[in-house]
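Chain by chain, the residues run as shown.
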Amino acid sequence: MQRTSHKPNRRRKGRRNFLAAAALSPLLMLGRQAAGETIDDDDEVVLRFSVTSDVHFPNPPGREPIFTFPCNTQVIQKRRFRKMIDWVCRYSASHRYPRLDAFAVNGDMTDSGADDERLPFRDIMDQGLPPDTKRVLTVADHGFYLSSREHWEEVFGTPISAHQVIGGYHFITLSPPDTRYGDGMFADQIDWVHQQLKDAAADDPEKPIFFFQHYPVSLPEPRDPNRQPQWLYGRSTVRCHKANWGPSDLFGLFQEFPQVIDFAGDSHYPICDPGSAWQDRFSAFGTGSLANLKMLEEPYWKYPEGRYEYAQFYMVEVHRSGRVHLKIVNLATETILPLSFVIPAPGHPDSYLYTDARIDSYPIPVWEDGAVLKVPYTSEHGGGFRFEQTKNRENTQSYRITFRQKGKTDGEPALEKYVWSEFYRYPVPDSIEHFEEGLQPQTEYDVSVTPISFFGGEGKPITASFKTVENRPPYY
Ligand SMILES: [Fe+2]
């Protein structure tokens, strides 16, 4: 167990000084306003840390990889990682509370764990961060393909599982010793975890305990195996590309410690989906990826166009009142997104906002008045389909496009596709275009587009009719 600590900076300045500083700092104003945070002089920040994961430094040129994501290069990831570190340092320094107390990377720093991936990662981190910023690091499968637990600990100078006290708050990391995965993977570490949680809770029962492990905590059983869609009713707590992703080893233990705020990576699912936050007795958050996205699987398209361009991470701030605020930063535009997550009173589940009750209570997507589905062209096997996004697009995850032969209102549709609202982009596009080539020639169709919320609620469809063109002989 590793313990380090320092006193939080509790220096206070007057409201007038703060507002004067804000007027001089566009970055500060952007952060405050975009995240919807009110300026409250009595609830100052007392702790700040960033969380990212799945950075996936790949092999350098000249070495054959054992694993790689196409389109990813070490040059790209070095640039991206430096940019993130620069941003979190500038952001912190521009605030009244100027510290970056900790920097968390929640596993999959590299593709394979080889030194020619790991050392550049470590060096960029060490060169970019302030010397007094604590590292909160975990490792899992991608750190072990070409390396051992002992070597990882030697390179980073920390145990793979550790308990630190940073600024008076407890940070616990948990890593498997190798590539093991699935239920039972933490069986021989669960007693150690339990003891760390008890120690942390005994130190101050009113403070959150920040916990980090690579794989998301899953429920022991699906919420309801018979209900659809399974991405809502499966075992996953935070949203993942698979409905039953992650081991359930920690779930029961965390339920006993409602002050636990858990961070997990691995899925690469974008964190700007509100389903990336989950609360029951404890709180859990997905940490996405700084390398590339993976979306829900069938019937959705798991690999959206441009998946290598999107990278998001958390900037977490703890306030004097105990409120914990997770701001989501879009790295490409260096923008704090309008969506952020707030835990007003960690350890008090009756105050939690991100429970499964959202399946019933979340806003239904609503079209703008007069919304139309346009068919700008048709072809032998389909055509182009275009529509403006719903007026509450911030609540709209996707759209179902249903094709039926004209006049057939029941039975199996001729074709059905799901398209994303592209919520993972910033800014989110105003309109969506779909190009279809899976229909029959010279056939009349009715097409409808149904908007779907982040929690499965469906709005009313908009419709259009069209006819595919006749099958033409090949052009010679
Ligand atoms: Fe990963």
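As the structure is a prediction and not an experimental result, all values here were calculated from the model.

> What should I look at first to understand the overall build of the protein chain in this one?
A count of helices and strands for the protein chain gives nine helices and 19 strands. A compact globule built from 476 residues should have a C-alpha radius of gyration of about 23 Å, and the protein chain, at 24 Å, falls within 12% of that. Each principal axis of the C-alpha atoms in the protein chain carries an extent, and together these give about 75 × 55 × 45 Å. Residues classed as buried in the protein chain amount to 41% of the 476 residues present. Contacts in the protein chain between residues at least 24 apart in sequence constitute 71% of all its contacts with a sequence separation of at least 6.

> How should I be thinking about the environment of Ser 148 in this particular structure?
The topology assignment puts Ser 148 in the loop between β3 (134–138) and α5 (149–156). For the pair Ser 148 and Gly 113, spaced 35 residues apart in the sequence, the C-alpha separation amounts to 8.4 Å.

> Where do I start with the sheet that holds strand β14 (residues 382–388) in this structure?
Backbone-to-backbone hydrogen bonds join strands into a sheet, with any given pair of strands oriented parallel or antiparallel. The strand order β13-β14-β17 describes an open sheet built from three strands, whose pairing is antiparallel. Single-partner strands in this sheet number two, and they are β13 (374–379) and β17 (431–436). Across this sheet, the average inter-strand angle for adjacent strands is 10°, counted without regard to direction. Where β13 and β14 come together, four bridges link them in antiparallel fashion. Directly across from Thr 378, in β14, lies its bridge partner Gly 383.

> Explanation requested: the nonpolar core in the structure shown.
A general tendency of soluble globular proteins is for nonpolar side chains to be buried together. Ranked by internal contacts, the top residues of the largest apolar core, which has 84 residues, are Phe 49, Val 55, Ala 104 and Ile 209. With residues up to four places along the chain from it excluded, the contact list for Val 55 reads Gln 77, Phe 81, Val 105, Asp 108, Met 109, Phe 121, Leu 290 and Ala 291. One finds Phe 403, Val 449, Ile 452 and Ile 462 within the second-largest nonpolar core, a separate group that totals 14 residues.

> What am I meant to see in unusual backbone geometry here?
Apart from glycine, the bulk of residues carry a negative phi angle, and the bulk of peptide bonds sit in the trans form. Put simply, Gln 228 and Pro 229 share a cis peptide bond, and its omega is -5°. Residue placement: Pro 229 occurs in the loop between β6 (209–213) and α7 (230–233). Here Tyr 426 and Pro 427 are connected by a cis peptide whose omega angle stands at -5°. Mapped onto the elements of the fold, Pro 427 is located in the loop between β16 (415–420) and β17.

> Any chance you could explain the domain arrangement of the protein chain here in plain terms?
Often, the extent of an interface is quoted as the loss of accessible area on bringing the components together. Considered domain by domain, the protein chain is made up of domain 1 (15–361) and domain 2 (374–467). Inter-centroid distance (C-alpha atoms) of domain 1 to domain 2 is 34 Å. Listed as interface residues are 20 residues of domain 1 and, on the opposing side, 12 residues of domain 2. Put simply, the parts of the chain that give the side of domain 1 that touches domain 2 at least two residues each are β12 (335–343) and α9 (358–361). Ranked by residue count, the leading element in the side of domain 1 that touches domain 2 is β12, at three residues. Residues belonging to the side of domain 1 that touches domain 2 are distributed by class as follows: 14 nonpolar, four polar and two charged.

> Would you explain helix α3 (residues 74–93) in this entry?
The periodicity of an α-helix, 3.6 residues per turn, causes residues three or four positions apart to be oriented the same way. Its 20 residues give α3 an end-to-end C-alpha distance of 28 Å, which sits within 8% of 28 Å, the value for a rise of 1.5 Å per residue. The set of residues buried in α3 consists of Gln 77, Phe 81, Met 84, Ile 85, Val 88, Tyr 91 and Ser 92. Viewed along the axis of α3, the buried residues span an arc of 135°, placing them on a single side of the element. Opposite its buried face, α3 presents the exposed residues Val 75, Arg 79, Asp 86 and Arg 90, each directed more than 90 degrees away.

> Could you clarify how one ought to interpret the sheet that holds strand β4 (residues 162–166) in this entry?
Pairing is mixed in the open sheet, where six strands are placed in the order β4-β5-β6-β7-β9-β8. Pairing within the sheet leaves two strands with one partner each, and these edge strands are β4 and β8 (277–279). Within this sheet the neighbouring strands show an average axis-to-axis angle of 20°, counted without direction. The pairing of β4 with strand β5 (residues 169–174) spans five bridges and is classified as antiparallel. Opposite Val 165, over in β5, you have His 170 as the bridge partner. Of the strands in this sheet, β4, β5 and β6 are in contact with helix α6 (residues 190–203), which crosses β5 at around 175°.

> Just to check I follow, could you spell out the environment of Gly 128 for this structure?
Tracing the chain through its elements places Gly 128 in helix α4 (residues 115–128). Taking the C-beta count within 10 Å as the criterion, Gly 128 has 17 such neighbours and is therefore assigned partly exposed. Remark: the alpha-carbon pair of Gly 128 and Met 84, spanning 44 residues in sequence, is separated by 9.7 Å. With near-sequence residues (within four places) excluded, Gly 128 lies in contact with Arg 82, Ile 85, Asp 86 and Cys 89.

> Would you explain α4 in this entry?
With 14 residues, α4 should cover 20 Å at 1.5 Å per step; its first-to-last C-alpha distance of 19 Å lies within 8% of that length. Inspection of α4 places Glu 117, Arg 118, Phe 121 and Met 125 among the buried residues, and these make up the whole buried set. For α4, the buried positions fall inside an angular range of 90° around the axis, keeping them on one side. Turned more than 90 degrees away from the buried face of α4, the exposed residues are Asp 123, Asp 126 and Gln 127.

Thresholds applied
- Residues numbered from 1 in each chain as written.
- Predicted model: local features only at pLDDT ≥ 70, side-chain atom pairs only at ≥ 80, totals over all residues.
- Helix = DSSP H or I, 4+ residues; strand = E, 2+ residues; numbered from the N terminus.
- Rg over C-alpha atoms; globule rule 2.2 N^0.38 Å.
- Buried ≥ 20, exposed ≤ 12 C-beta atoms within 10 Å, placed from the backbone.
- Contact = placed C-beta atoms within 7 Å.
- Pairing = 2+ DSSP bridges.
- Axes fitted to C-alpha atoms, helices over the stretch in contact; angles between N-to-C directions.
- Core = buried A, V, L, I, M, F, W, Y, C linked by C-beta atoms within 7 Å.
- Domains from an automatic or database assignment.
- Nonpolar A, V, L, I, M, F, W, Y, C, P; charged D, E, K, R; others polar.
- Expected span 1.5 Å × (residues − 1).
- Arc of directions from axis to C-beta.

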